[in-house]
Amino acid sequence: KKKSVLYVGIPQQMLLRGEGKLLLNLFFRRIMDEILTVAENEGGSLKRHLAVYIDEFAHVGRLDDAGSWFGTMRSYNIAFTVALQNRAQLEMVYGTIGAK
């Protein structure tokens, strides 16, 4: 109901060992489920615009439905911004075609 920020930080060592990716992936999926539930309860779209910024997106790991989320979330009044160090990171996770 009020403006807020949620920041999640995972230690670099956890990311390098792989366990951080699993944690980030699960967290991202869970938070998106909750956001979509709120949108559905508000008539199919959030009443207040939501901006989701994901830094180091490649560290979240592969999200099989990320492409459709990014393409359809605008109708829910949700905008995504993802940050990468370079395109090679995205291609490493999603492959060349998936990165496009």
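Residues numbered from 1 in each chain as written. Predicted model: local features only at pLDDT ≥ 70, side-chain atom pairs only at ≥ 80, totals over all residues. Heavy atoms only, no water.

## Quick notes on the environment of Ser4
We count it as follows: Starting at the N terminus, helices and strands are each numbered in turn, a helix being any DSSP run of H or I of at least four residues and a strand any DSSP run of E of at least two. In this scheme, a residue with accessible area under 20% of its type's maximum is buried, one over 50% is exposed, and one in between is partly exposed, where area comes from a 1.4 Å probe on protein chains only.
For Ser4, the position within the fold is in the segment before α1 (12-17). On the basis of relative accessible area, Ser4 is assigned to the exposed category, the value being 64%. On a C-alpha basis, the gap between Ser4 and Gly67 in space is 26 Å, while along the polypeptide they are 63 residues apart.

## Examining helix α4 (residues 87-99)
Stated precisely, the cut-off is as follows: Expected helix span is computed as 1.5 Å times (number of residues minus one). Here the bend at each residue means the angle between axes fitted to two seven-residue stretches, the one ending at that residue and the one beginning there. By the convention used here, residues are in contact when the closest approach between their heavy atoms is within 4.5 Å. Under the rule applied, a polar contact is a pair of N or O atoms within 3.5 Å (in protein, one hydrogen donor and one hydrogen acceptor; residues adjacent in sequence only if both atoms are side-chain atoms).
For α4, with 13 residues, the first-to-last C-alpha span of 8 Å runs short of the 18 Å given by 1.5 Å per residue. At Val93, α4 is deflected by roughly 100°, the largest bend along its length. Looking at the packing, one finds that the buried side of α4 touches α3 (66-72). The residue sitting at the N-terminus of α4 and contributing the capping side-chain oxygen is Asn86; that oxygen lies 3.1 Å from the backbone nitrogen of Ala88.

## Some thoughts on the pairing of strand β2 (residues 78-82)
Under the convention used in this document: Strands qualify as paired when DSSP identifies two bridges or more between them. By definition, the crossover connecting two strands over a helix is right-handed if that path, from the first strand to the second, turns clockwise as seen with the strands pointing away from the viewer.
Relative to β2, strand β1 (residues 50-54) runs parallel, the two sharing 5 bridges. Bridge pairing links Leu50 to Ile78 in β2. Each parallel crossover has a hand, and the one from β1 via α3 to β2 is right-handed.

## Let's talk about the confidence of the model for the protein
Just so we agree on the cut-off: Confidence of the prediction at every residue is given by pLDDT, a number between 0 and 100.
Looking at the protein, the pLDDT average stands at 83 and 99% of residues meet or exceed 70. The secondary structure element of the protein with the lowest average pLDDT is α3, at 76, and the one with the highest is β2, at 87.

## What about the side chain of Gln89?
By secondary structure assignment, the location of Gln89 is in helix α4. Assessed through its relative accessible area of 16%, Gln89 is described here as buried. Polar side-chain contacts of Gln89 include one of 2.8 Å to the backbone nitrogen of Gln85. Apart from residues no more than four positions distant in its own chain, Gln89 is found in contact with Glu56, Ala58 and Leu84.

## Looking at the nonpolar core
Considering soluble globular proteins, one finds that nonpolar side chains tend to be buried as a cluster. Threshold: We call a set of buried residues a nonpolar core when its members are Ala, Val, Leu, Ile, Met, Phe, Trp, Tyr or Cys and they connect through side-chain atoms within 4.5 Å of each other.
Judged by nonpolar contacts, the single largest core of 21 residues is most densely connected at Phe28, Phe57, Leu63 and Phe80. Elements with a contribution of two residues or more to this core: α2 (19-41), β1, α3, β2 and α4. With 5 residues, the single largest contributor to this core is α2. The contact partners of Leu63, leaving out residues within four places of it in the chain, are Asn25, Phe28, Arg29, Phe57, Trp69 and Tyr94.

## Some points on a nonpolar patch on the surface
What counts here: Residues form patches when they are more than 30% accessible in relative terms and have no salt bridge. Like charges link within 9 Å. Nonpolar side chains (Val, Leu, Ile, Met, Phe, Trp, Tyr) link within 5 Å. With residues, only the protein chains shown are counted as cover, and all accessible areas are computed by Shrake-Rupley using a 1.4 Å probe. For salt bridges, the criterion is a side-chain nitrogen of Lys or Arg within 4 Å of an Asp or Glu carboxyl oxygen.
A cluster of nonpolar side chains, namely Leu6, Val8 and Phe27, defines an oily patch on the protein surface of about 260 Å² accessible area. Turning to its location among the elements, Phe27 is positioned in helix α2. We classify Phe27 as partly exposed; its relative accessible area is 33%.

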